[in-house]
Amino acid sequence: MEFTEDEQAIADAVRQLVAAAITPSSDQNDRDQVYPRANLLALGQHGYLGMTVPPADGGGGTSYLAQTLVVEAVAYGDPATAVVYEVHNSLHLEAIHRYGTAAQKAEWLPPLIAGQQIGAFALTEPDAGSNAAALATVAEPVEGGYRLRGGKVFITGAGEADRYLVFARLPGTLGRDGITAFLVDKGAPGLSFGRAEEKMGLHAAKTGAVLLDQVMVPTSHRLGAEGAGYDMALRLLEGGRIGIAAQALGMLGRALDLSLTYARTRKQFGQAIGRFEAVQFKLADMATDLHAGRLLAYDAARVREDTQQGRMAAAMAKLFCSEAAVRHCLAAVQVHGGYGYMREYQVERLLRDAKVTEIYEGTSEIMRLVIGSQLLRGDAAPRLES
Ligand SMILES: Cc1cc2nc3c(=O)[nH]c(=O)nc-3n(C[C@H](O)[C@H](O)[C@H](O)COP(=O)(O)OP(=O)(O)OC[C@H]3O[C@@H](n4cnc5c(N)ncnc54)[C@H](O)[C@@H]3O)c2cc1C
């Protein structure tokens, strides 16, 4: 996999920024559940938000791969910041960039690109998770716009983000039909938020419910056409899944580096534990899957750039990278022995943080369904077309 000079320079620079400005506070922010607003602002100030938006719209005009490298680097330093970055960038900002009118882009993109405002993505509902087409939040057309009523759950940044991309359906519609996207400002009357969920990991990335009680949304805040919301959500999630693959890779890379350091320094039976084959094999499998995962994720990013598509490539990347991250973060705890079970050594947190990459933005089961159904439909696997 070849990087352009630009991509390599971005990868090097963002790693330095993360090491200096994000990693040092990661552990404390996780303990205190501090939402990473300051980190998003720093990333925005350094040009890492809206990277794929053309310069004419205020973005960086860089490749999707460059953005993927940024997510990986951020996740290496702080997995919670990586998911907030990923939702803000790939799901919210990208939606406005791809589907917004000129007026919507001019008004909303600049503060999102600068990191002064944070965007959220509100699709999931209590009875509509993997099956998003079952969502029940209603958008009732009224004079001047729509009134939204319903509720979303598990929303990253609920109550912290400044604007919510909310998917709701027109009255009397069923399934994918009638699902429409709206941008709802945090201060909108009738919008409220549930308490922060107590999670297994990613404690700094607040997750909670978004409640809509007759929220008036002007027509100017509808994104795309009426009924275009479902396809929009799926297309955005294709990009998002590459980001989650990269988030998983960041954690896997960190688990490998911590395990290597420990295997070189920890001595038992008179020698470094890295000299034992059982430990070496774990390290070898971690490094091999990290490399394989990078090839999948970076290739999925290139496919998305080249073809504006790539549902199968994105699903393969997310499936492989998330499962590899969970498997190897668990192995990293084992390499660290009893110390691995202690918070101080950081690998137990990586394991807790990594688990959700197999769940959000489409579970592993759904990724297998996407890949399987596309194969059965006759679609070629990525890059294997004759
Ligand atoms: C920390 C966190 C942050 C999140 N952030 C956001 C966010 O910002 N915005 C947002 O909209 N959502 C968000 N989500 C929601 C997330 O995307 C959903 O949890 C996920 O899509 C799964 O939906 P569900 O939880 O309802 O599980 P379900 O869909 O109920 O699935 C339960 C189990 O059944 C399996 N299953 C379901 N259908 C099938 C099938 N057809 N075939 C085989 N197996 C199946 C699943 O794989 C899973 O194992 C977040 C979730 C978490 C945990």
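Residues numbered from 1 in each chain as written. Predicted model: local features only at pLDDT ≥ 70, side-chain atom pairs only at ≥ 80, totals over all residues. Heavy atoms only, no water.

Engineer: Describe the overall build of the protein chain, with residues and values.
Structural biologist: Each helix and strand in the protein chain was counted, giving 11 helices and 10 strands. Against the globule reference of 21 Å for 386 residues, the protein chain gives a C-alpha radius of gyration of 21 Å, in line with a compact fold. Reported as C-alpha extents along the three principal axes, the dimensions of the protein chain are approximately 80 × 55 × 40 Å. Expressed as a percentage of its 386 residues, the buried residues of the protein chain come to 55%. For the protein chain, the share of sequence-separated contacts (at least 6 apart) that also reach a separation of at least 24 residues comes to 76%. Summing over all exposed atoms, the protein chain offers an accessible surface of approximately 16,500 Å²; the carbon and sulfur share of this is 54%. Averaging the positions of the 37 positive and the 44 negative side-chain charges in the protein chain gives two centres separated by 3 Å. (Helix = DSSP H or I, 4+ residues; strand = E, 2+ residues; numbered from the N terminus. Rg over C-alpha atoms; globule rule 2.2 N^0.38 Å. Buried < 20%, exposed > 50% of the residue type's maximum accessible area, 1.4 Å probe, protein only. Contact = heavy atoms within 4.5 Å. Areas by Shrake-Rupley, 256 points an atom, 1.4 Å probe, with all protein chains shown as cover. Lys, Arg positive; Asp, Glu negative; His and termini not counted. Charge placed at Lys NZ, Arg CZ, Asp CG, Glu CD.)

Engineer: Can you tell me about the site of the ligand, naming the residues and giving the values?
Structural biologist: Among the 18 residues in the neighbourhood of the ligand, the closest are listed as Phe121, Thr124, Ser130, Phe154 and Thr363. Leu123 is positioned with one of its backbone polar atoms (N or O) 2.9 Å from an oxygen atom of the ligand. A distance of 2.6 Å separates an oxygen atom of the ligand from a polar atom in the side chain of Ser130. Protein contacts shield 64% of the accessible area of the ligand, which totals 970 Å² for the unbound molecule. Contributions of two or more residues to the shell around the ligand are made by strand S3 (145-156) and helix H11 (364-376). Its residues assigned to classes, the shell around the ligand shows 9 nonpolar, 6 polar and 3 charged. (Near = heavy atom within 4 Å. Polar contact = N/O pair within 3.5 Å; in protein donor to acceptor, adjacent residues only side chain to side chain. Nonpolar A, V, L, I, M, F, W, Y, C, P; charged D, E, K, R; others polar.)

Engineer: If you had to explain the pairing of S3 to someone new, which residues and values would you point to?
Structural biologist: On any regular strand, side chains alternate: one points to one face of the sheet, the next to the other face. Summarising the sheet, strand S2 (residues 138-142) and S3 pair through 5 bridges and their orientation is antiparallel. The residue bridging Ala139 from the neighbouring strand is Leu148, located in S3. As consecutive antiparallel partners, S2 and S3 are separated by 2 residues, and within that stretch Gly144 has a phi angle of approximately 85 degrees, a positive value. Note that S3 and strand S7 (residues 207-218) share 9 bridges and pair antiparallel. Bridged to Gly150 within S7 is Leu212. (Pairing = 2+ DSSP bridges.)

Engineer: Go over the side chain of His221, please, and point to the residues and values.
Structural biologist: Examined against the element boundaries, His221 turns out to sit in the loop between S7 and strand S8 (222-223). By relative accessible area, His221 is classed as buried at 13%. Dropping the residues within four chain positions of it, His221 is found in contact with Gln104, Trp108, Ala181, Phe182, Leu183 and Asp185.

Engineer: Account for the pattern of salt bridges, with residues named and values stated.
Structural biologist: One pass over the full model with this rule turns up 26 salt bridges. The salt bridge partner of Arg368 is Glu323, with a shortest N-O separation of 3.0 Å. Within this pair, whereas Arg368 is found in helix H11, its partner Glu323 is found in helix H8 (residues 311-335), the two being separated by 45 residues in sequence. Salt bridges sharing partners connect three or more residues here, namely Asp27, Asp30, Arg31, Asp78, Arg343, Glu348, Arg349, Arg352 and Asp353. (Salt bridge = Lys/Arg side-chain N within 4 Å of Asp/Glu carboxyl O.)

Engineer: Explain the nonpolar core residue by residue, including any values.
Structural biologist: Residues Leu43, Tyr48, Phe121, Leu148, Leu165, Phe167 and Val184 are the most contacted members of the largest nonpolar core, which totals 76 residues. At 10 residues, the largest contribution of residues to this core is made by helix H4 (residues 79-99). Residue contacts for Tyr48: discarding those within four places in its chain leaves Ile10, Ala13, Val14, Leu17, Leu43, Val70, Tyr85 and Asn89. Formed by 38 residues, the second largest nonpolar core is a distinct cluster that contains Leu69, Met286, Ala314 and Leu350. (Core = buried A, V, L, I, M, F, W, Y, C linked by side-chain atoms within 4.5 Å.)

Engineer: Describe the layout of surface pockets, naming the residues involved and giving the relevant values.
Structural biologist: Each pocket or cavity is described by its volume, and for the second largest pocket that value is around 270 Å³. As for the second largest pocket, its lining consists of 17 residues, and the residues nearest its centre are Arg15, Glu72, Ala73, Tyr76 and Arg294. For the lining of the second largest pocket, the secondary-structure elements that each account for two or more residues are helix H1 (5-32), helix H3 (64-77), helix H6 (229-265) and helix H7 (277-307). Here the element with the most residues in the lining of the second largest pocket is H1; it accounts for 6 residues. Of the residues that constitute the lining of the second largest pocket, the class distribution is 10 nonpolar, 3 polar and 4 charged. Counting contributing residues per domain, the lining of the second largest pocket is built from domain 1 (5-117) and domain 3 (230-376), each supplying no fewer than three. (1 Å grid on protein atoms, 1.4 Å probe; cavity = no way out; pocket = protein on both sides within 12 Å on 5 of 7 lines; lining within 4 Å. Points joined across faces, edges and corners; volume = space filled by probe spheres on them. Domains from an automatic or database assignment.)

Engineer: Break down the packing of H3 against H7 for me, with residues and values.
Structural biologist: Between H3 and H7, whose axes approach to 8 Å, the crossing angle comes to 145 degrees. In this structure, H3 crosses over H7, and the sense of that crossing is right-handed. Contacts from Tyr64, Leu65, Thr68, Leu69 and Glu72 in H3 reach Arg294, Tyr298, Ala301, Arg302, Arg304 and Glu305 in H7. Grouping the amino acids of the contact of H3 with H7 by side-chain chemistry returns 5 nonpolar, 1 polar and 5 charged. (Axes fitted to C-alpha atoms, helices over the stretch in contact; angles between N-to-C directions. Left-handed = near helix turned anticlockwise from the far one by under 90°.)

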